[in-house]
Amino acid sequence: MDSYDVLIIGGGGAGFTAAIYTSRAKLKTLLLEKLTPGGQIALTDVVENYPGFPEGVTGADISQRMEEQAKKYGTQIGYEEVTSIAKKGERFEAATNKGSHSAKAVILAAGASFRTLGVPREKELTGRGVSYCATCDGAFFKGKNIIVIGGGDSALQEGLFLTRFVNHLDVVHRRDQLRASPILQERARENSKIGFIWDTVVTAIEGDQKVKGVRLKNVKTGKERPYPTDGVFVFIGHDPSTGFLKNFVAFDDKGYVKTDERLRTSVLGVFAAGEVRSGAVKQLVSACGEGCEAALEAQAYLEQLELAAHTKGGGG
Ligand code: NAP
(Lines give C-alpha, C1' and ligand atoms only; values in the text may rest on other atoms or scores of the structure.)
Protein backbone atom coordinates (compact mmCIF):
# COMPACT_ATOMS: atom_id res chain seq x y z
CA MET A 1 0.00 0.00 0.00
CA ASP A 2 1.37 3.43 -0.90
CA SER A 3 1.70 5.97 1.87
CA TYR A 4 1.26 9.74 2.00
CA ASP A 5 1.31 12.66 4.40
CA VAL A 6 -2.06 13.95 3.22
CA LEU A 7 -4.91 12.23 1.42
CA ILE A 8 -7.47 14.55 -0.19
CA ILE A 9 -10.76 12.99 -1.20
CA GLY A 10 -12.48 14.95 -3.97
CA GLY A 11 -11.15 16.94 -6.90
CA GLY A 12 -13.35 20.04 -6.93
CA GLY A 13 -12.37 23.58 -5.94
CA ALA A 14 -11.85 22.63 -2.27
CA GLY A 15 -9.79 19.52 -3.00
CA PHE A 16 -7.51 21.07 -5.62
CA THR A 17 -6.86 24.19 -3.54
CA ALA A 18 -6.00 22.01 -0.53
CA ALA A 19 -3.67 19.98 -2.78
CA ILE A 20 -1.90 23.09 -4.09
CA TYR A 21 -1.26 24.22 -0.50
CA THR A 22 -0.14 20.89 0.97
CA SER A 23 2.07 20.12 -2.04
CA ARG A 24 3.71 23.55 -1.87
CA ALA A 25 4.32 22.83 1.83
CA LYS A 26 6.29 19.75 0.63
CA LEU A 27 3.81 17.31 2.12
CA LYS A 28 3.45 14.14 0.08
CA THR A 29 -0.09 14.51 -1.20
CA LEU A 30 -2.51 12.18 -2.95
CA LEU A 31 -5.79 13.52 -4.34
CA LEU A 32 -8.47 11.01 -5.29
CA GLU A 33 -11.37 11.95 -7.57
CA LYS A 34 -14.00 9.51 -8.76
CA LEU A 35 -15.05 11.27 -11.96
CA THR A 36 -13.42 14.21 -13.71
CA PRO A 37 -11.25 17.05 -12.39
CA GLY A 38 -13.32 19.98 -11.15
CA GLY A 39 -16.27 18.03 -9.76
CA GLN A 40 -19.54 19.93 -10.19
CA ILE A 41 -17.76 22.97 -11.57
CA ALA A 42 -16.54 20.92 -14.56
CA LEU A 43 -20.19 20.50 -15.57
CA THR A 44 -20.90 24.22 -15.35
CA ASP A 45 -20.99 26.28 -18.52
CA VAL A 46 -19.41 29.46 -17.22
CA VAL A 47 -18.33 30.75 -13.81
CA GLU A 48 -18.95 34.48 -13.59
CA ASN A 49 -18.34 35.15 -9.92
CA TYR A 50 -14.82 33.86 -9.37
CA PRO A 51 -12.62 36.92 -8.78
CA GLY A 52 -10.00 37.67 -11.41
CA PHE A 53 -12.09 36.59 -14.40
CA PRO A 54 -14.17 39.63 -15.40
CA GLU A 55 -15.23 37.90 -18.64
CA GLY A 56 -16.07 34.67 -16.77
CA VAL A 57 -14.24 31.38 -17.15
CA THR A 58 -15.66 28.09 -18.37
CA GLY A 59 -16.08 25.32 -15.80
CA ALA A 60 -13.97 23.01 -17.97
CA ASP A 61 -11.14 25.54 -18.25
CA ILE A 62 -10.86 26.38 -14.56
CA SER A 63 -11.09 22.67 -13.63
CA GLN A 64 -8.25 21.77 -15.96
CA ARG A 65 -6.15 24.67 -14.70
CA MET A 66 -6.67 23.68 -11.05
CA GLU A 67 -5.55 20.14 -11.85
CA GLU A 68 -2.47 21.41 -13.74
CA GLN A 69 -1.55 23.71 -10.86
CA ALA A 70 -1.76 20.93 -8.25
CA LYS A 71 0.30 18.57 -10.47
CA LYS A 72 2.91 21.29 -11.01
CA TYR A 73 3.65 21.29 -7.28
CA GLY A 74 3.80 17.53 -7.00
CA THR A 75 0.29 16.37 -6.09
CA GLN A 76 -0.33 12.81 -7.18
CA ILE A 77 -3.81 12.41 -8.62
CA GLY A 78 -5.72 9.17 -8.79
CA TYR A 79 -9.02 8.75 -10.61
CA GLU A 80 -10.48 6.27 -8.16
CA GLU A 81 -13.62 6.05 -6.07
CA VAL A 82 -13.09 5.80 -2.32
CA THR A 83 -15.36 3.12 -0.89
CA SER A 84 -14.41 3.27 2.80
CA ILE A 85 -11.95 4.84 5.18
CA ALA A 86 -10.75 3.82 8.63
CA LYS A 87 -8.08 4.68 11.16
CA LYS A 88 -5.42 1.97 11.54
CA GLY A 89 -2.99 2.81 14.33
CA GLU A 90 -1.63 6.30 13.66
CA ARG A 91 -2.60 6.32 9.98
CA PHE A 92 -5.73 6.43 7.90
CA GLU A 93 -6.43 3.79 5.28
CA ALA A 94 -8.73 4.44 2.36
CA ALA A 95 -10.03 1.59 0.23
CA THR A 96 -10.94 2.44 -3.36
CA ASN A 97 -12.31 0.62 -6.39
CA LYS A 98 -8.69 0.20 -7.53
CA GLY A 99 -6.74 -0.50 -4.32
CA SER A 100 -5.90 1.18 -1.04
CA HIS A 101 -3.87 4.13 0.21
CA SER A 102 -2.59 5.24 3.56
CA ALA A 103 -2.01 8.76 4.93
CA LYS A 104 -1.29 10.58 8.17
CA ALA A 105 -4.00 13.21 7.61
CA VAL A 106 -7.15 13.35 5.49
CA ILE A 107 -9.06 16.22 3.92
CA LEU A 108 -12.63 15.38 2.96
CA ALA A 109 -13.63 17.45 -0.08
CA ALA A 110 -15.96 15.06 -1.88
CA GLY A 111 -18.63 17.71 -2.53
CA ALA A 112 -22.15 16.72 -3.38
CA SER A 113 -23.95 15.02 -6.22
CA PHE A 114 -27.08 16.14 -8.04
CA ARG A 115 -30.52 15.03 -6.87
CA THR A 116 -32.83 13.09 -9.08
CA LEU A 117 -36.61 13.50 -9.19
CA GLY A 118 -37.44 9.89 -8.32
CA VAL A 119 -40.43 9.79 -10.71
CA PRO A 120 -41.50 6.97 -13.04
CA ARG A 121 -39.33 6.47 -16.16
CA GLU A 122 -36.70 9.00 -15.06
CA LYS A 123 -34.01 6.33 -14.77
CA GLU A 124 -34.89 4.54 -18.01
CA LEU A 125 -34.96 7.78 -20.01
CA THR A 126 -31.74 9.25 -18.60
CA GLY A 127 -29.53 9.87 -21.62
CA ARG A 128 -32.63 9.57 -23.81
CA GLY A 129 -34.00 13.05 -23.15
CA VAL A 130 -33.51 13.27 -19.38
CA SER A 131 -30.31 15.06 -18.38
CA TYR A 132 -28.60 16.58 -15.34
CA CYS A 133 -25.87 18.39 -17.30
CA ALA A 134 -26.55 21.21 -19.76
CA THR A 135 -22.95 21.54 -20.97
CA CYS A 136 -22.76 17.78 -21.64
CA ASP A 137 -26.08 17.36 -23.43
CA GLY A 138 -27.35 20.79 -24.51
CA ALA A 139 -26.20 20.46 -28.13
CA PHE A 140 -28.45 17.41 -28.63
CA PHE A 141 -31.50 19.64 -28.18
CA LYS A 142 -30.98 22.03 -31.10
CA GLY A 143 -34.34 23.52 -32.15
CA LYS A 144 -36.23 21.43 -29.56
CA ASN A 145 -38.70 22.36 -26.84
CA ILE A 146 -37.60 21.31 -23.38
CA ILE A 147 -38.33 21.83 -19.70
CA VAL A 148 -35.88 22.71 -16.92
CA ILE A 149 -36.88 21.70 -13.40
CA GLY A 150 -35.87 23.78 -10.36
CA GLY A 151 -35.87 27.39 -9.23
CA GLY A 152 -32.31 27.86 -7.97
CA ASP A 153 -29.12 29.27 -9.49
CA SER A 154 -28.34 26.03 -11.31
CA ALA A 155 -31.74 25.83 -13.02
CA LEU A 156 -31.54 29.40 -14.30
CA GLN A 157 -27.85 29.47 -15.17
CA GLU A 158 -28.02 26.16 -17.03
CA GLY A 159 -31.39 27.12 -18.54
CA LEU A 160 -29.88 30.32 -19.91
CA PHE A 161 -27.05 28.27 -21.41
CA LEU A 162 -29.56 25.90 -23.02
CA THR A 163 -31.28 28.78 -24.84
CA ARG A 164 -28.26 28.75 -27.21
CA PHE A 165 -29.61 25.52 -28.64
CA VAL A 166 -33.32 25.09 -27.97
CA ASN A 167 -36.34 26.64 -29.59
CA HIS A 168 -38.09 27.16 -26.25
CA LEU A 169 -37.77 26.05 -22.65
CA ASP A 170 -40.10 26.21 -19.68
CA VAL A 171 -38.74 26.45 -16.17
CA VAL A 172 -40.99 24.26 -14.03
CA HIS A 173 -40.82 25.32 -10.39
CA ARG A 174 -42.69 23.97 -7.39
CA ARG A 175 -43.36 27.45 -5.94
CA ASP A 176 -44.31 30.82 -7.41
CA GLN A 177 -41.01 32.44 -6.39
CA LEU A 178 -37.53 31.62 -7.58
CA ARG A 179 -34.67 30.87 -5.23
CA ALA A 180 -32.03 31.97 -7.78
CA SER A 181 -29.98 35.15 -7.40
CA PRO A 182 -31.61 38.36 -8.73
CA ILE A 183 -29.17 38.78 -11.63
CA LEU A 184 -30.02 35.33 -13.02
CA GLN A 185 -33.75 35.91 -12.44
CA GLU A 186 -33.55 39.13 -14.41
CA ARG A 187 -31.70 37.52 -17.32
CA ALA A 188 -34.11 34.57 -17.43
CA ARG A 189 -37.21 36.76 -17.33
CA GLU A 190 -35.81 38.92 -20.15
CA ASN A 191 -34.98 35.93 -22.36
CA SER A 192 -37.71 35.42 -24.96
CA LYS A 193 -36.95 31.68 -25.20
CA ILE A 194 -37.76 31.10 -21.51
CA GLY A 195 -41.22 30.63 -20.02
CA PHE A 196 -42.21 29.71 -16.46
CA ILE A 197 -44.65 27.15 -15.14
CA TRP A 198 -45.25 27.98 -11.47
CA ASP A 199 -46.45 25.92 -8.50
CA THR A 200 -45.87 22.77 -10.48
CA VAL A 201 -44.05 19.48 -10.08
CA VAL A 202 -43.31 16.69 -12.54
CA THR A 203 -44.97 13.44 -11.44
CA ALA A 204 -43.82 11.22 -14.32
CA ILE A 205 -41.76 11.30 -17.48
CA GLU A 206 -43.28 9.74 -20.57
CA GLY A 207 -41.77 8.12 -23.62
CA ASP A 208 -40.66 4.75 -24.83
CA GLN A 209 -37.21 5.02 -26.49
CA LYS A 210 -36.95 8.77 -25.81
CA VAL A 211 -38.74 11.49 -23.88
CA LYS A 212 -42.07 12.48 -25.43
CA GLY A 213 -43.52 14.44 -22.53
CA VAL A 214 -44.11 14.72 -18.80
CA ARG A 215 -47.03 14.77 -16.42
CA LEU A 216 -47.30 18.07 -14.59
CA LYS A 217 -49.16 18.55 -11.33
CA ASN A 218 -50.20 21.94 -10.02
CA VAL A 219 -49.49 21.73 -6.29
CA LYS A 220 -52.12 24.37 -5.45
CA THR A 221 -55.05 22.91 -7.38
CA GLY A 222 -53.88 19.27 -7.37
CA LYS A 223 -54.72 19.08 -11.10
CA GLU A 224 -52.54 16.90 -13.29
CA ARG A 225 -52.04 17.20 -17.05
CA PRO A 226 -49.83 15.75 -19.78
CA TYR A 227 -47.27 18.16 -21.25
CA PRO A 228 -45.38 17.34 -24.43
CA THR A 229 -41.63 18.02 -24.38
CA ASP A 230 -38.46 16.77 -26.07
CA GLY A 231 -36.19 17.02 -23.06
CA VAL A 232 -36.14 17.24 -19.27
CA PHE A 233 -33.21 18.92 -17.52
CA VAL A 234 -33.23 18.43 -13.76
CA PHE A 235 -31.51 20.95 -11.45
CA ILE A 236 -33.10 20.47 -8.03
CA GLY A 237 -30.07 20.71 -5.76
CA HIS A 238 -27.56 18.28 -4.36
CA ASP A 239 -26.95 15.76 -1.61
CA PRO A 240 -23.56 15.37 0.08
CA SER A 241 -21.28 12.63 -1.23
CA THR A 242 -20.70 10.90 2.08
CA GLY A 243 -21.73 7.27 1.54
CA PHE A 244 -18.13 6.06 2.00
CA LEU A 245 -17.84 7.89 5.34
CA LYS A 246 -20.48 5.87 7.19
CA ASN A 247 -19.56 5.37 10.87
CA PHE A 248 -16.33 7.34 10.38
CA VAL A 249 -17.11 11.02 11.12
CA ALA A 250 -20.07 12.89 12.61
CA PHE A 251 -22.73 14.36 10.30
CA ASP A 252 -25.42 17.01 10.68
CA ASP A 253 -29.09 16.06 10.30
CA LYS A 254 -28.88 16.52 6.50
CA GLY A 255 -25.87 14.24 6.15
CA TYR A 256 -23.19 16.92 5.72
CA VAL A 257 -19.89 16.48 7.60
CA LYS A 258 -19.75 18.42 10.86
CA THR A 259 -16.64 20.47 11.59
CA ASP A 260 -15.56 23.05 14.13
CA GLU A 261 -14.50 26.54 13.06
CA ARG A 262 -11.05 25.18 12.14
CA LEU A 263 -12.61 22.65 9.75
CA ARG A 264 -11.68 19.74 12.05
CA THR A 265 -14.13 16.85 11.93
CA SER A 266 -15.01 14.61 14.86
CA VAL A 267 -11.92 12.50 14.06
CA LEU A 268 -8.51 13.92 14.96
CA GLY A 269 -6.43 14.35 11.80
CA VAL A 270 -9.45 14.50 9.46
CA PHE A 271 -10.62 17.83 8.05
CA ALA A 272 -13.49 18.77 5.73
CA ALA A 273 -13.82 21.55 3.16
CA GLY A 274 -16.28 22.73 0.54
CA GLU A 275 -19.78 21.55 -0.21
CA VAL A 276 -19.49 18.27 1.74
CA ARG A 277 -19.12 20.32 4.94
CA SER A 278 -22.05 21.33 7.10
CA GLY A 279 -22.55 25.09 6.85
CA ALA A 280 -20.58 25.61 3.62
CA VAL A 281 -22.04 28.30 1.35
CA LYS A 282 -21.60 26.26 -1.85
CA GLN A 283 -19.75 28.65 -4.09
CA LEU A 284 -16.53 27.88 -5.94
CA VAL A 285 -14.66 30.74 -4.31
CA SER A 286 -15.64 29.69 -0.78
CA ALA A 287 -14.85 26.03 -1.52
CA CYS A 288 -11.36 27.11 -2.59
CA GLY A 289 -11.01 29.23 0.57
CA GLU A 290 -12.02 26.29 2.74
CA GLY A 291 -9.59 24.04 0.87
CA CYS A 292 -6.79 26.43 1.79
CA GLU A 293 -7.88 26.55 5.44
CA ALA A 294 -8.14 22.77 5.71
CA ALA A 295 -4.67 22.38 4.16
CA LEU A 296 -3.13 24.79 6.66
CA GLU A 297 -4.86 22.98 9.52
CA ALA A 298 -3.65 19.60 8.23
CA GLN A 299 -0.13 21.00 7.99
CA ALA A 300 -0.29 22.23 11.60
CA TYR A 301 -1.64 18.84 12.70
CA LEU A 302 1.24 17.00 11.00
CA GLU A 303 3.79 19.35 12.59
CA GLN A 304 2.28 18.54 16.00
CA LEU A 305 2.48 14.81 15.25
CA GLU A 306 6.12 15.14 14.30
CA LEU A 307 6.93 17.20 17.36
CA ALA A 308 5.22 14.65 19.60
CA ALA A 309 7.16 11.82 17.91
CA HIS A 310 10.47 13.66 18.45
CA THR A 311 9.67 14.42 22.07
CA LYS A 312 8.75 10.80 22.65
CA GLY A 313 11.88 9.64 20.82
CA GLY A 314 14.11 12.14 22.71
CA GLY A 315 12.70 11.20 26.11
CA GLY A 316 12.93 7.46 25.50
P1 NAP B 1 -30.66 24.92 -4.73
O2 NAP B 1 -30.23 26.32 -4.53
O3 NAP B 1 -30.79 24.02 -3.58
O4 NAP B 1 -32.04 24.97 -5.53
C5 NAP B 1 -32.73 23.80 -5.80
C6 NAP B 1 -34.06 24.17 -6.47
O7 NAP B 1 -34.75 22.99 -6.79
C8 NAP B 1 -34.95 25.01 -5.54
O9 NAP B 1 -35.61 25.99 -6.30
C10 NAP B 1 -35.91 23.96 -4.99
O11 NAP B 1 -37.20 24.48 -4.73
C12 NAP B 1 -36.02 22.98 -6.14
N13 NAP B 1 -36.26 21.61 -5.68
C14 NAP B 1 -35.61 20.94 -4.70
N15 NAP B 1 -36.08 19.67 -4.58
C16 NAP B 1 -37.06 19.57 -5.52
C17 NAP B 1 -37.92 18.53 -5.91
N18 NAP B 1 -37.88 17.31 -5.32
N19 NAP B 1 -38.81 18.76 -6.91
C20 NAP B 1 -38.86 19.96 -7.51
N21 NAP B 1 -38.07 21.00 -7.20
C22 NAP B 1 -37.17 20.81 -6.21
O23 NAP B 1 -29.68 24.13 -5.75
P24 NAP B 1 -28.81 24.69 -6.99
O25 NAP B 1 -29.58 25.61 -7.82
O26 NAP B 1 -28.21 23.48 -7.60
O27 NAP B 1 -27.66 25.50 -6.25
C28 NAP B 1 -26.84 24.85 -5.27
C29 NAP B 1 -25.86 25.84 -4.68
O30 NAP B 1 -24.92 26.21 -5.70
C31 NAP B 1 -26.53 27.14 -4.24
O32 NAP B 1 -25.89 27.60 -3.09
C33 NAP B 1 -26.30 28.07 -5.40
O34 NAP B 1 -26.26 29.43 -5.01
C35 NAP B 1 -24.95 27.60 -5.91
N36 NAP B 1 -24.82 27.92 -7.34
C37 NAP B 1 -24.38 29.15 -7.64
C38 NAP B 1 -24.29 29.52 -8.95
C39 NAP B 1 -23.84 30.91 -9.25
O40 NAP B 1 -23.40 31.59 -8.33
N41 NAP B 1 -23.92 31.37 -10.46
C42 NAP B 1 -24.66 28.64 -9.98
C43 NAP B 1 -25.12 27.39 -9.63
C44 NAP B 1 -25.22 27.04 -8.29
P45 NAP B 1 -37.45 25.50 -3.50
O46 NAP B 1 -36.91 26.81 -3.99
O47 NAP B 1 -38.91 25.46 -3.34
O48 NAP B 1 -36.69 24.93 -2.35
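Here we summarise the structure given alongside this text. Just so we're clear, the structure is a prediction, and the values are computed from it rather than from any experiment.

### Examining the pattern of salt bridges
Here is step 1: Scanning the model with the defined rule gives 13 salt bridges in all.
Here is step 2: In this structure, R65 engages D61 in a salt bridge whose closest nitrogen and oxygen atoms are separated by 3.1 Å. With R65 and D61 both in helix α2 (residues 59–72) and 4 residues apart, the pair spans about one turn of that helix.

### Quick notes on the sheet that holds strand β14 (residues 200–206)
Pairing between sheet strands relies on hydrogen bonds along the backbone, with the strands arranged either parallel or antiparallel.
Here is step 1: With antiparallel pairing, 3 strands are arranged side by side in an open sheet as β14-β15-β16. The open sheet has two free edges, formed respectively by β14 and β16 (224–228), since each of these has just one partner strand. Each strand axis lies, on average, 30 degrees off the axis of its neighbour in the sheet, ignoring direction.
Here is step 2: Summarising the sheet, strand β15 (residues 213–218) and β16 pair through 5 bridges and their orientation is antiparallel. Bridge pairing in β16 links G213 to P228.

### So, the pairing of strand β12 (residues 168–172)
Two faces, one strand: in a regular strand the side chains alternate between the faces of the sheet.
Here is step 1: Counting buried residues along β12, 4 of its 5 residues qualify, which places the element largely inside the surrounding structure.
Here is step 2: Note that strand β11 (residues 145–149) and β12 share 5 bridges and pair parallel. What sits directly across from V148, in β12, is V171.
Here is step 3: Each parallel crossover has a hand, and for β12 linked through helix α5 (residues 182–190) to strand β13 (residues 194–197) it is right-handed.

### Side note on the environment of V106
Here is step 1: Its location among the elements puts V106 in strand β8 (residues 100–108).
Here is step 2: Residue classification places V106 among the buried residues on the basis of a relative accessible area of 0%.
Here is step 3: Spatially, the C-alpha atom of V106 lies 16 Å from that of S241, the residues being 135 residues apart in sequence.
Here is step 4: Apart from residues lying up to four places away in sequence, V106 is in contact with L7, I9, I85, F92, G269, V270 and F271.

### Some remarks on the side chain of S241
Here is step 1: Checked against the element boundaries, S241 lands in the loop between β18 (238–240) and β19 (270–272).
Here is step 2: In this view, S241 contacts A110, G111, A112, S113 and V276; residues no more than four positions away in its chain are not counted.

### Overview of the nonpolar core
Here is step 1: Formed by 29 residues in total, the largest nonpolar core has its most connected members in I8 and I107.
Here is step 2: Elements supplying a minimum of two residues to this core: β1 (2–9), α1 (13–24), α2, β8 and α6 (284–315).
Here is step 3: Here this core gets 8 residues from one element, more than from any other, and that element is α6.
Here is step 4: Not counting chain neighbours up to four residues away, the residues in contact with I107 comprise V6, L7, I8, I9, A18, F271, A294, A295 and A298.

### Things to note about the pairing of β13
Here is step 1: Summarising the sheet, β12 and β13 pair through 4 bridges and their orientation is parallel. Note on β13: the bridge partner recorded for V172 is I197.

Quick notes on the rules
Residues numbered from 1 in each chain as written. Predicted model: local features only at pLDDT ≥ 70, side-chain atom pairs only at ≥ 80, totals over all residues. Heavy atoms only, no water. Salt bridge = Lys/Arg side-chain N within 4 Å of Asp/Glu carboxyl O. Helix = DSSP H or I, 4+ residues; strand = E, 2+ residues; numbered from the N terminus. Pairing = 2+ DSSP bridges. Axes fitted to C-alpha atoms, helices over the stretch in contact; angles between N-to-C directions. Buried < 20%, exposed > 50% of the residue type's maximum accessible area, 1.4 Å probe, protein only. Right-handed = clockwise from strand over helix to strand, strands pointing away. Contact = heavy atoms within 4.5 Å. Core = buried A, V, L, I, M, F, W, Y, C linked by side-chain atoms within 4.5 Å.

On their own, these measurements won't tell you what the molecule is for.
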